[in-house]
Amino acid sequence: MTTFFNFNLFDGKNNQIQSDAWFTIDDQTGKITDQGAGKAPKDDNSIDLDGKYVMPGLINVHTHITSNPRTFDGNPGDSETEAAVTAYQNLQTMLKSGVTFIRECGTSYDVDIKLNRLREQGSLKKTPEMMPSGMAYSMTGGHGDSPHFGHRVDSPDEMRKAVRQGLKIGAQNIKMMATGGVMTPGDFMADPQLSVEEMKAGIDEAHHKGKIVAAHAEGNPGIQNAIDAGVDSIEHGFYINEEEAKQMIHQGQYLTPTIIALWAIPEYGKGKLPDWEVKKADDACEDAYRNLSKAFKLGVKFTLGTDAGTPYNGFDTTPKELELMTEKLGITPLEAYQCSSINAATLCQIQDEYGTLEKGKYADFQVLNADPLADVKALQQDDKQIFLHGKREF
């Protein structure tokens, strides 16, 4: 047993800081066995956290670990070896930033599935836990249609077979492309791509296996198509309207806004990225902030995801996404954190063991110098301590 003591605890769900907190961790399971405030029990190993602030590690539900954010398209033409090395480095960067669990949303060569297998065998060090997706699912000529990044599917039967193959090799999340996007030349957010029938065929297969489905859906009618098909989460959702928001609430679907992916392109890319790419993002920003803010206020459950790997959106930006959620959507730090600690965990079906710091859950946490409820920028500290299952990684 190891007991951590003398810290201020934000548990991930309550709008308060518990001072002089402690918790005890089973060294074999990595789970919290007891916790409280005041005098801590004596254990074989006790660690004094010097009055710092402890909060849950972040769950980022939208990443592309094989992508290179220093390019306009993520470098989908890399070889499998190059993609795997890039992914490993990106995973370590994410963990160092405070992300302790990720859901992948499309990788080249199914690299995330293969790396996750190595991680479970103990061969991959200093990386977050993963829910792999493998390659994404796109129509021919659609967003993400590149030889090693996407499955090309052009009918319900093709989708069904491709998803079955993805599940067979270890995909735990299925990523579908319901609309065009910013990074693909020649298509737009308003372009519908995969049809309701095509998506539904794959969703049924995933749900039969107890797996979840995410849809890239930036504009309409693609957002509506993905909602009607029954996806578990809408990714981006920049042009969501009130009717769609209400339907998502009724159907229990989640939305991952990935604000930083949209914001970073005009913020840093003017004169460096293709003009068509910058224009698509720049034109959408204010509309997206307004639409997403309204959807949140209506009651759509938001999750935390960054679309890491898109231009100027690296693998250390998850804390910045939280800042942008408060700044652009007008939500509180607590509400932003709960998108990760509660909503992301529930979407990924891991809420019984991850997300908040409570008895029976894994001790995945970060140690900060300042109060995260007082200032969301507290998470942008460079030298914070990161623990996975009670063991320090950074």
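Right above here is the structure, for reference.
Residues numbered from 1 in each chain as written. Predicted model: local features only at pLDDT ≥ 70, side-chain atom pairs only at ≥ 80, totals over all residues. Heavy atoms only, no water.

Novice: Explanation requested: the layout of surface pockets in the structure shown.
Specialist: Looking at the largest pocket, its volume works out to about 510 Å³. What lines the largest pocket is a set of 32 residues, among which Asp-73, His-143, Gly-144, Met-183 and Thr-184 lie closest to the centre. Secondary structure elements with two or more residues in the lining of the largest pocket: strand S11 (173-177) and helix H7 (259-268). Sort the elements by how many residues they give to the lining of the largest pocket and H7 lands first, with three residues. (1 Å grid on protein atoms, 1.4 Å probe; cavity = no way out; pocket = protein on both sides within 12 Å on 5 of 7 lines; lining within 4 Å. Points joined across faces, edges and corners; volume = space filled by probe spheres on them. Helix = DSSP H or I, 4+ residues; strand = E, 2+ residues; numbered from the N terminus.)

Novice: Looking at this structure, how should I read the packing of H7 against helix H8 (residues 275-298)?
Specialist: What describes two packed helices is the angle between their axes and the distance between those same axes. In the contact formed by H7 and H8, the axes pass within 8 Å of each other and the chain directions differ by 135°. On the basis of the axis angle, H7 is oblique to H8. Regarding H7 and H8, the two cross each other, and that crossing is left-handed. Contacts between H7 and H8 involve Ile-259, Leu-262, Trp-263, Ile-265 and Pro-266 on the former and, on the latter, Glu-277, Val-278, Ala-281, Asp-282, Ala-284, Cys-285, Ala-288, Tyr-289 and Leu-292. Classifying every residue of the contact of H7 with H8 gives twelve nonpolar, no polar and two charged. (Axes fitted to C-alpha atoms, helices over the stretch in contact; angles between N-to-C directions. Parallel < 35°, antiparallel > 145°, perpendicular 65-115°, else oblique. Left-handed = near helix turned anticlockwise from the far one by under 90°. Contact = heavy atoms within 4.5 Å. Nonpolar A, V, L, I, M, F, W, Y, C, P; charged D, E, K, R; others polar.)

Novice: Mind showing me how you'd approach unusual backbone geometry here?
Specialist: Most peptide bonds take the trans form, and the phi angle of most residues other than glycine is negative. With an omega dihedral of 15°, the bond running from Asn-220 to Pro-221 counts as a cis peptide bond. Within the secondary structure layout, Pro-221 lies in the loop between strand S12 (212-217) and helix H5 (222-229). Unlike most non-glycine residues, Lys-126 shows phi in positive territory, near 55°. Take Lys-126: its relative accessible area is 34%, and that puts it in the partly exposed class. The backbone of His-389 sits at a positive phi, close to 50°, despite the residue not being glycine. Among the structural elements, His-389 can be located in the loop between strand S17 (385-388) and strand S18 (391-392). (Buried < 20%, exposed > 50% of the residue type's maximum accessible area, 1.4 Å probe, protein only.)

Novice: Where do I start with the packing of aromatic side chains in this structure?
Specialist: Any pair of aromatic rings gets described here by the distance separating the centres and the angle formed by the planes. Scanning all chains against the criterion turns up twelve aromatic pairs. Here the aromatic rings of Tyr-354 and Tyr-362 are separated by 5.0 Å at their centres, their planes lie at 45°, and the arrangement is tilted. A relative accessible area of 11% means that Tyr-354 is categorised as buried. Its relative accessible area of 15% is what places Tyr-362 among the buried residues. In this structure, Lys-280 packs its charged tip against the face of Phe-188, placed 5.3 Å from the ring centre. (Phe/Tyr/Trp six-rings, centres within 6.5 Å; stacked < 30°, edge-to-face > 60°. Lys NZ or Arg CZ within 6 Å of the ring centre and 35° of its normal.)

Novice: It is not clear to me how helix H3 (residues 156-169) should be interpreted in this structure. Could you clarify?
Specialist: It helps to recall that an α-helix has 3.6 residues per turn; residues three or four apart then point in one direction. Across its 14 residues, H3 extends 20 Å between first and last C-alpha, which sits within 8% of the 20 Å expected from 1.5 Å per residue. Where H3 is concerned, the buried positions are Met-159, Ala-162, Val-163, Gly-166 and Leu-167. Taken around the axis of H3, the buried residues stretch over an arc of 135°, which confines them to a single face. Relative to its buried face, H3 has exposed residues pointing more than 90 degrees away, namely Asp-157, Lys-161 and Lys-168. Among the structural elements, strand S9 (136-138), strand S10 (150-152), S11 and helix H4 (196-208) are those in contact with the buried residues of H3. Once H3 finishes, Gly-170 follows within two positions and takes phi at roughly 125°, a positive value. (Expected span 1.5 Å × (residues − 1). Arc of directions from axis to C-beta.)

Novice: What exactly am I supposed to notice about the pairing of strand S2 (residues 18-25) here?
Specialist: Residues in a regular strand point their side chains to alternate faces of the sheet. Across six bridges, strand S1 (residues 2-9) lies against S2 in antiparallel orientation. Within the sheet, the bridge partner assigned to Leu-9 lies in S2 and is Gln-18. Where S2 and strand S3 (residues 32-37) come together, five bridges link them in antiparallel fashion. Within S3, the position partnered with Phe-23 by the bridge is Gln-35. (Pairing = 2+ DSSP bridges.)

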